[in-house]
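Structural features, examined
As a plain string of letters, each chain reads:
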Amino acid sequence: MKRKANVHIIATGGTIAGRAASAAATVGYKAGELTVGQLIASVPGLDKLANLSGEQLCNIDSKDMQEAIWLQLAERVEAAAERKDVDGIVITHGTDTLEETAFFLQLTVKTDKPIVLTGAMRPATAISADGPMNIWQSVQVAADKSATGRGVLVVMNGQINGAETVTKVNVNALEAFQSPGRGPMGVMIDEKICWNESGACTLPTHSGSVSVKNLTQLPKVRIIYGYVGGDDGLFVKAALRDEARGLVYAACGNGSVPEKLTGLLKETVASGVPVVIATRCGGGIVVLSEEMTEINGFIPAGPLNPQKAKILLQLALTKTSDVKEIQQLFASFL
Ligand SMILES: NC(=O)C[C@H](N)C(=O)O
């Protein structure tokens, strides 16, 4: 008989732990109300899937997630992953910033044990709440040997997506997470986990590549959003005054920087503050001209969306502010 796996659940809050005044309410609830014990108890028969342990790291709406909590979470996940009696880890999290936490953990936690993040779009008190099934399927993945070495995964609504590609694409639907242009790494049908083997099936190259063990904070990086009328540099100047160590420009289209802003961003790079050019488009790969990368010194974000490019730049800045090195790091995600 197959040995029952040991799965450790770390709860951080979110709608999955949310409570509303009425069972029909899917907005206007309070996120981060149920405890990890209550979450486990809300899923009938979960203990048949795995031996479970749980810890409560925080209980917040993920819009309020902090980098200081990320540093604690990375430490807790790494500690759990090092335990011989833990085979996999599930993290319950609000969906608003779930992809950022997933990507941060992907880059900072070194293990090939499954790490699965999950959340919910309906509060725990709702009719047809999606949380219990998402927890069930996450524990299923975390307990399954076939999930070993695939990096940090996001399991929601029967789909498994990788931390590097996944993003929240819908603010209401249960299928809130997708990997644009890639598709999911796998889907779940009852007890079957169907991996899309043409997707990433070896440990992503960047897993655990940056240790944050001795850090108490991350370098400050700001995202500047591109839009018609936003080329006066107001927010770039404000970010620099606020001692940003790096900037991500969420450009319109394929890294298009407005002419009026190019000079200021070039000066920013020349002053030692690296500038990554991402896109606000939600899909595609930012590739820049030679003039943009070699002369202006801009760093193309490649496939990373602005919020993930920010995290990569922050982690890069813990080691170097050399533009060439950071360009190479971002290029390795292509
Ligand atoms: N669906 C959710 O989890 C949204 C919630 N605001 C959160 O991110 O905590």
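Analysis parameters
Residues numbered from 1 in each chain as written. Predicted model: local features only at pLDDT ≥ 70, side-chain atom pairs only at ≥ 80, totals over all residues. Helix = DSSP H or I, 4+ residues; strand = E, 2+ residues; numbered from the N terminus. Buried ≥ 20, exposed ≤ 12 C-beta atoms within 10 Å, placed from the backbone. Pairing = 2+ DSSP bridges. Axes fitted to C-alpha atoms, helices over the stretch in contact; angles between N-to-C directions. Contact = placed C-beta atoms within 7 Å. Core = buried A, V, L, I, M, F, W, Y, C linked by C-beta atoms within 7 Å. Domains from an automatic or database assignment. UniProt positions renumbered as here; feature names shortened; annotations may be inferred. Parallel < 35°, antiparallel > 145°, perpendicular 65-115°, else oblique. Left-handed = near helix turned anticlockwise from the far one by under 90°. Nonpolar A, V, L, I, M, F, W, Y, C, P; charged D, E, K, R; others polar.

Focus on unusual backbone geometry
Phi at Ser-128 is positive, roughly 55°, even though this residue is not glycine. Relative to the helices and strands, Ser-128 is located in the loop between β4 (115–118) and α5 (131–142). The exposed category is assigned to Ser-128, around which 10 C-beta atoms lie within 10 Å. The backbone of Asn-157 sits at a positive phi, close to 50°, despite the residue not being glycine. Checked against the element boundaries, Asn-157 lands in the loop between β5 (152–156) and β6 (159–162).

What to know about the pairing of strand β1 (residues 5–13)
As a general feature of sheets, a regular strand has side chains that alternate between the two faces. For β1, a buried count of seven out of nine residues is recorded, marking the element as mostly surrounded by other parts of the structure. Bridge count between β1 and strand β2 (residues 50–60): eight bridges; the pairing is parallel. Residue pairing in the sheet places Val-7 in a bridge with Leu-52 of β2. Of the pairings in the sheet, the one linking β1 to strand β3 (residues 88–92) comprises five bridges and is parallel in character. Among the inter-strand pairings, Val-7 is bridged to a residue of β3, identified as Gly-88.

Points about the sheet that holds β5
If you trace the eight strands from one edge of the open sheet to the other, you get β2-β1-β3-β4-β5-β6-β9-β10, paired in mixed fashion. The two strands at the open ends of the sheet, each matched to only one other strand, are β2 and β10 (192–195). Along the sheet, successive strands turn relative to each other by an average axial angle of 25°, direction set aside. Against the sheet, helix α4 (residues 98–108) makes contact with β4 and β5, and its axis sits at roughly 155° relative to β5, the strand it touches most.

Thoughts on the nonpolar core
Counting residues in hydrophobic clusters, the biggest one holds 88 residues, and the most contacted among them are Val-77, Val-154, Tyr-249, Val-276, Ile-277 and Ala-278. Shared between two domains, this core takes at least three residues from each, and those domains are domain 1 (5–195) and domain 2 (221–331). If we ignore the near neighbours within four places in the chain, the residues touching Val-77 are Ile-10, Ile-89, Leu-105, Val-109 and Ile-115.

Quick word on the UniProt feature "binding site: substrate" (unreviewed entry) in the protein
UniProt annotation of "binding site: substrate" (unreviewed entry) refers to Ser-62, Thr-95 and Asp-96 when read in the numbering used here. Taken together, the annotated residues stretch across 35 residues yet fold into one region, lying no more than 6.8 Å apart by C-alpha. Along the chain, Asp-96 turns up in the loop between β3 and α4. Asp-96 gets classed as partly exposed once you count the C-beta atoms within 10 Å, which come to 19. Look past the residues within four positions of Asp-96 in its chain and what remains in contact with it is Ser-62 and Lys-63.

Describing the environment of Met-121
Note that Met-121 resides in the loop between β4 and α5. Each C-alpha atom, one on Met-121 and one on Gly-14, is 9.1 Å from the other, the two residues being 107 residues apart in sequence. Leave out the neighbours within four places in its chain, and Met-121 touches Thr-15, Thr-95, Asp-130, Ala-173, Leu-174 and Ala-176.

Digging into the packing of helix α3 (residues 67–82) against α4
At their nearest, the axes of α3 and α4 sit 10 Å apart, and the two run at 55° to each other. Regarding the angle of α3 to α4, the classification is oblique. Of the two elements, α3 crosses α4, and the hand of that crossing is right-handed. Along its contact with α3, which presents Trp-70, Ala-74 and Val-77, the element α4 presents Thr-101, Phe-104, Leu-105 and Thr-108. Taken together, the residues of the contact of α3 with α4 sort by class into five nonpolar, two polar and no charged.

Comments concerning the UniProt feature "active site" (unreviewed entry) in the protein
As annotated by UniProt and renumbered to match this structure, "active site" (unreviewed entry) occupies Thr-15 and Thr-95. Considering the C-alpha atoms alone, the annotated residues occupy 81 residues of sequence yet fold into one spot, their largest mutual distance being 7.6 Å. Tracing the chain through its elements places Thr-15 in the loop between β1 and α1 (36–41). We classify Thr-15 as buried; it has 30 C-beta atoms within 10 Å. With near-sequence residues (within four places) excluded, Thr-15 lies in contact with Ala-31, Gly-94, Thr-95, Gly-119, Ala-120, Met-121, Arg-122 and Pro-123. Residues in contact with Thr-95, not counting those within four places in the same chain, are Gly-14, Thr-15, Ser-62, Gly-119, Met-121, Lys-168 and Ala-176.

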